[in-house]
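Structural characterization, general
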Amino acid sequence: MYDRTLINSSTPGGTITVIGWVHEVRDLGGLTFLLLRDRSGILQAKFEKENLSQEILSLLDQLYRESVVLLTGEIVEEKRAPNGIELIPKTIEIISLSDPNLPLDPSGKVTSELSTRLDKRCIDLRRPESRSIFEIRSEVQRSIRQHFYDIDCIEINTPKIVATGTEGGTDLFPIAYFGKEAFMNQSPQLFKQLVAGGGIERVFEIGPIFRAEEHNTTRHLNEATSIDFEAAFIDHEMAMEVAEEVISIAYHSVSENCHEQLQMLGIQKLTLPQIPFPRISYTNAIEIANESGDLPEPLNWGDDLSTQAERSIGDIMNSHYFITDWPSEIKPFYIQDQDESPELSKGFDLMHPSMELVSGGQRENRYEFLINALENQGLNPSDFEFYVDMFRYGMPPHSGWGMGADRLVMSMLQLDNVREVVLFPRDRNRLAP
Ligand code: ATP
Ligand code: MG
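Computed from a predicted structure; not experimentally measured.

What follows deals with the site of ligand 1. In the vicinity of ligand 1, 13 residues are found, and the nearest of them are Arg211, His220, Leu221, Glu356 and Leu357. In this structure, Arg211 approaches ligand 1 through a side-chain N or O atom, which is 2.8 Å from an oxygen atom. Contact between ligand 1 and His220: an oxygen atom at 2.6 Å from a side-chain N or O atom of the residue. Protein coverage of the free-state accessible area of ligand 1, which is 580 Å², stands at 82%. Elements that contribute at least two residues to the shell around ligand 1 include exactly β15 (355-362) and β16 (398-404). Residue contributions to the shell around ligand 1 peak at four residues, all from β15.

Bringing the nonpolar core into the picture now. Core analysis: the biggest nonpolar cluster contains 48 residues, and Val140, Phe148, Phe229, Trp401, Leu408 and Met412 have the highest contact counts within it. When contributions to this core are tallied by element, the ones reaching two or more residues are α4 (128-150), β10 (202-210), β11 (223-232), α6 (236-257), β14 (347-352), β15, β16 and α12 (405-412). When residues in this core are grouped by element, the largest group, nine residues, is from α6. Among residues more than four places away in sequence, those in contact with Met412 are Ile136, Val140, Ala250, Tyr251, Val254 and Leu270. Formed by 20 residues, the second largest nonpolar core is a distinct cluster that contains Ala45, Ile56, Ile85 and Ile92.

A grouping of Met1, Tyr2 and Ile95 is seen on the molecular surface, where their side chains present a nonpolar patch of about 370 Å² in accessible area. In this fold, Ile95 is placed in strand β5 (residues 85-96). Ile95 sits in the partly exposed class, given a relative accessible area of 32%.

Another point: helix α9 (residues 307-317). Among all positions of α9, only Ala309, Glu310, Ser312, Ile313, Gly314 and Met317 are buried. Packed against the buried residues of α9 are β12 (279-281), α8 (282-291), β13 (321-324), β14 and β15. In the segment just after α9, Asn318 is the residue with positive phi, at about 55°.

The description of two aromatic rings rests on the distance between their centres and on the angle between their planes. Counted under the stated rule, the structure contains 16 aromatic pairs. Between Phe148 and Phe204, the aromatic rings sit 4.6 Å apart at their centres with planes inclined by 20°, giving stacked as the arrangement. With a gap of 56 residues between them, Phe148 in helix α4 and Phe204 in strand β10 connect regions that are remote in the sequence. A residue is classified by how much of its surface remains accessible, and Phe148, at 0% relative accessible area, is buried. Residue classification places Phe204 among the buried positions, given a relative accessible area of 0%.

There is about 520 Å³ of room inside the second largest pocket. Together, 17 residues line the second largest pocket, and Asp38, Arg39, Gly41, Pro128 and Arg131 are the ones closest to its centre. Residue assignment for the lining of the second largest pocket shows that the elements contributing at least two residues are β2 (31-38), β3 (41-48), α4 and α7 (259-264). In terms of residue count, α4 provides more of the lining of the second largest pocket than any other element does, four residues in total. Class assignment for the residues of the lining of the second largest pocket results in six nonpolar, four polar and seven charged.

Turning next to the coordination of the magnesium ion (ligand 2). Of the protein atoms, only Glu356 (OE) and Ser359 (OG) coordinate the magnesium ion (ligand 2), at distances of 2.2 to 2.3 Å. You can call Glu356 partly exposed: its relative accessible area is 23%.

Relative to each other, α4 and α6 sit at 130°, their axes nearing to 9 Å. The angle between α4 and α6 falls in the class oblique. At the point where α4 passes α6, the crossing takes the right-handed sense. Here Ile136, Glu139, Val140, Arg142, Ser143, Ile144, His147 and Phe148 of α4 come into contact with α6, specifically with Glu245, Val246, Ile249, Ala250, Ser253, Val254 and Asn257. The class makeup of the residues in the contact of α4 with α6 is eight nonpolar, four polar and three charged.

The subject of this paragraph is the pattern of salt bridges. Where side chains of opposite charge bring their charged atoms close, a pairing between them can arise. Using the criterion set out here, one finds 30 salt bridges in the structure. The partner of Glu420 in a salt bridge is Arg117, and the shortest N-O contact between them spans 2.8 Å. Here the residue Glu420 occupies a position in the segment after α12, and Arg117 occupies one in helix α2 (residues 114-119), the gap between them amounting to 303 residues. Relative accessible area serves as the criterion here: at 13%, Glu420 is assigned to the buried category.

Tracing the chain through its elements places Leu104 in the loop between β5 and α2. Along the primary structure Leu104 and Arg127 are separated by 23 residues, whereas in three dimensions their C-alpha atoms are 9.8 Å apart. In this view, Leu104 contacts Ser112, Thr116, Arg117, Lys120, Ile123, Asp124 and Arg127; residues no more than four positions away in its chain are not counted.

Quick look at the pairing of strand β8 (residues 174-177) now. Here four bridges tie β8 to strand β9 (residues 180-184), and the two strands are oriented antiparallel to one another. Its bridge partner lying in β9, Tyr177 is registered against Lys180. Counting the residues in the hairpin turn of β8 and β9 gives two residues, including Phe178, whose phi is positive at 45°.

Conventions used here
Residues numbered from 1 in each chain as written. Chains lettered and ligands numbered in written order. Predicted model: local features only at pLDDT ≥ 70, side-chain atom pairs only at ≥ 80, totals over all residues. Heavy atoms only, no water. Near = heavy atom within 4 Å. Polar contact = N/O pair within 3.5 Å; in protein donor to acceptor, adjacent residues only side chain to side chain. Areas by Shrake-Rupley, 256 points an atom, 1.4 Å probe, with all protein chains shown as cover. Helix = DSSP H or I, 4+ residues; strand = E, 2+ residues; numbered from the N terminus. Core = buried A, V, L, I, M, F, W, Y, C linked by side-chain atoms within 4.5 Å. Buried < 20%, exposed > 50% of the residue type's maximum accessible area, 1.4 Å probe, protein only. Contact = heavy atoms within 4.5 Å. Patch = residues over 30% accessible without salt bridge, like charges linked within 9 Å, V, L, I, M, F, W, Y side chains within 5 Å. Salt bridge = Lys/Arg side-chain N within 4 Å of Asp/Glu carboxyl O. Phe/Tyr/Trp six-rings, centres within 6.5 Å; stacked < 30°, edge-to-face > 60°. 1 Å grid on protein atoms, 1.4 Å probe; cavity = no way out; pocket = protein on both sides within 12 Å on 5 of 7 lines; lining within 4 Å. Points joined across faces, edges and corners; volume = space filled by probe spheres on them. Nonpolar A, V, L, I, M, F, W, Y, C, P; charged D, E, K, R; others polar. Donors = N, O, S within 2.8 Å, 3.2 Å for Na, K, Ca; no water. Axes fitted to C-alpha atoms, helices over the stretch in contact; angles between N-to-C directions. Parallel < 35°, antiparallel > 145°, perpendicular 65-115°, else oblique. Left-handed = near helix turned anticlockwise from the far one by under 90°. Pairing = 2+ DSSP bridges.

Below, the structure is given as structure tokens:
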């Protein structure tokens, strides 16, 4: 559309065209400095008023911050300019004028509440910090995708409108579906199992999951992004290795490819997690939590870990770690029981010190056991017929996991609210933008 030069590739000599947003205008009497911003950086443009036509002077007068303008001119060296060069514009064209009353300050000099930033997300994304977060998030997903391809997975897309929830229960959003009962899917779980176990063998999906979580916390969303992996002929131990590898690769890629973005967020050097991550049993985890003295009441064997328990164990572990050997009754029906001790499951969680990142396990692939598991959890096998039926036609052992992409990025960047890493978060109160 325009024959433009990106700001970070502007070099002295010749006439160039740059387009972007007016980051700042400084009127110093005889001189006006305009800072122009595009996706690659910020360039100083210097207008000497005595050399300017009346037309350009009047254009400069109307220019408010965040207007979009096109400048043509010559780049010259200027030691006092931020990047050692400046533009001496010959022409200026206003492409889109901004309202002078900005709802928030994109230069970040005036800080705004998160809720204001989310209400005006598009303007918030002009802040280099916000932009950096999403560039890093993109790198996380790019590197993880690449790794899945490297280990021979194919990328799949499963339905988000379903007739039954993955685990039944109350976390489902009902939707109107031509007079039938339907829900937004909580997880690709059952579908990815059918595809991997059905014959494709190795699959992954990066997509939305919907949870009607009642509570409003800094790590729960009602629409989250899940990174799902599922593979046939692997056990839960191998699935754990893939999970820790994926996390390690995401950290390494961001550390190598996102220097500027990390700096922008005040992170001089990303601490790379060391794999293999330590593994502790659920029983051990309960003991650590109870011994921490932080819990209002001790946990009993069979209880799920409370938020406080996760924090207390995380403080002691002080790195990513796995919790294994969970009681079967608090893991979903599709997780297989251990062969020797059926009261324990082949499920695992992968934890960051501050929260859960991944749940996974080896799946129950034996038809009769699956029917029993559903019944034991008070679910009706006929509600899951599309799923259980396939287990009658040769279902190999298989394992996998689901990882919260939002939580992975949030914990990597040590942000205190998951909404920071989601463009347009959905929570109890937020449905737009
Ligand atoms: P938690 O106990 O922390 O609420 P969960 O055990 O309910 O998580 P799973 O069903 O095991 O979550 O989902 C797998 C992963 O997906 C979680 O470990 C987490 O990283 C992510 N996840 C699940 N629910 C949410 C949510 N509401 N918001 C953001 N991420 C989520
Ligand atoms: Mg979980």
